Amino acid sequence: MTNDFQKKAAAIIEKLKENLRSIRTGVVTPALVENIIVETYGGQTKLKLLELSAISSFGPQTLVIAPFDPSTIKDIEKALISSNLGVSPVVQNNQIFIKFPPLSQEQREKLVKIVNQIVEEARQKIRSLRDEVRKTIKISFEKKEITEDEKFRKEKELDLQTQKINETIEEIKKKKINDVINI
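Summarised in this report is the structure supplied together with it.

Basis of the calculations
Throughout this document, residue positions are counted from 1 along each chain, in the order its sequence is written. Where totals are concerned, whole chains, interfaces and linings use all residues; where local detail is concerned, this predicted model gives features only for residues with pLDDT of at least 70, and gives and counts side-chain atom pairs only at 80 or more. The side-chain values count all of the structure's non-hydrogen atoms but skip hydrogen atoms and water molecules. Joining through side-chain atoms within 4.5 Å is the link that ties buried Ala, Val, Leu, Ile, Met, Phe, Trp, Tyr and Cys residues into a set, and such a set is a nonpolar core. Burial here depends on accessible area, computed with a 1.4 Å probe over protein chains only, as a share of the maximum for the residue type. Under 20% is buried, over 50% is exposed, and the range in between is partly exposed. The way it works is that DSSP assigns letters per residue, a run of H or I at least four long becomes a helix, a run of E at least two long becomes a strand, and they are numbered from the N terminus. Any pair of residues with heavy atoms lying within 4.5 Å of one another is described as a contacting pair. For this analysis, a salt bridge means a side-chain nitrogen from Lys or Arg found within 4 Å of a carboxyl oxygen belonging to Asp or Glu.

Let's shift gears to the nonpolar core. Residues Leu16, Leu20, Ile23, Ile165 and Ile169 are the most contacted members of the largest nonpolar core, which totals 25 residues. Contributions of two or more residues to this core are made by helix 1 (2-21), helix 4 (105-142) and helix 5 (148-181). Examining the composition of this core, we find that 10 residues originate from one element, helix 4, more than from any other. Look past the residues within four positions of Ile23 in its chain and what remains in contact with it is Leu32, Leu111, Ile114, Val115, Ile118, Lys176 and Val180. Formed by 18 residues, the second largest nonpolar core is a distinct cluster that contains Val33, Leu49, Leu52 and Ile65.

Here you go:
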């Protein structure tokens, strides 16, 4: 029961980290663009940018995208333009350069709100997962499958695990907010 809880909680935390990676910080990273969907090969295929190219940082504000197949460069450029990044890609020598302007204080504040929102969603998922496990424990007790002592022990163990998970989520949040705020 608690192993299942831990596995599901770990999946929630991984998803949280993945969602936070796509939020821009003071220094741009390939994670900002790697999940952009590119419609390529005459609209026959939809792939993530990560699957079509090598993405690397070129200084703190620039990303370089090197497509594996040069014929996809126009499709990648089109996908980048239509994404909500607000940047203009520049094609040079079968590579695409994306220069990101520095974040304004207002943009940083908006990003912090988005971080808080994503973190709160993860916390809600953890709470509902915990409540699910609590119900299972209660049902087991009512069916006389476990004793009252076992019920209290399992609930206490669940609460401790939940507390550790929430501390982990808080650390992730603090680190991301720090990355967003600091230039």
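Following the structure, the description resumes.
Turning our eyes to something else, we now look at the pattern of salt bridges. The final tally for this structure, using the stated rule, is 15 salt bridges. In this structure, Glu14 engages Lys17 in a salt bridge whose closest nitrogen and oxygen atoms are separated by 3.8 Å. Taken together, the residues span about one helical turn, with Glu14 and Lys17 both in helix 1 at a distance of 3 residues. Across the pair Glu77 and Lys74 runs a salt bridge, and its minimum N-O distance is 3.7 Å. Of this pair, Glu77 and Lys74 both sit in helix 3 (residues 73-82), separated by 3 residues, roughly a single helical turn. Owing to a relative accessible area of 57%, Lys74 belongs among the exposed residues under this scheme. Beyond isolated ion pairs, a larger network of salt bridges with shared partners links Glu120, Arg123, Arg127, Glu170 and Lys173.

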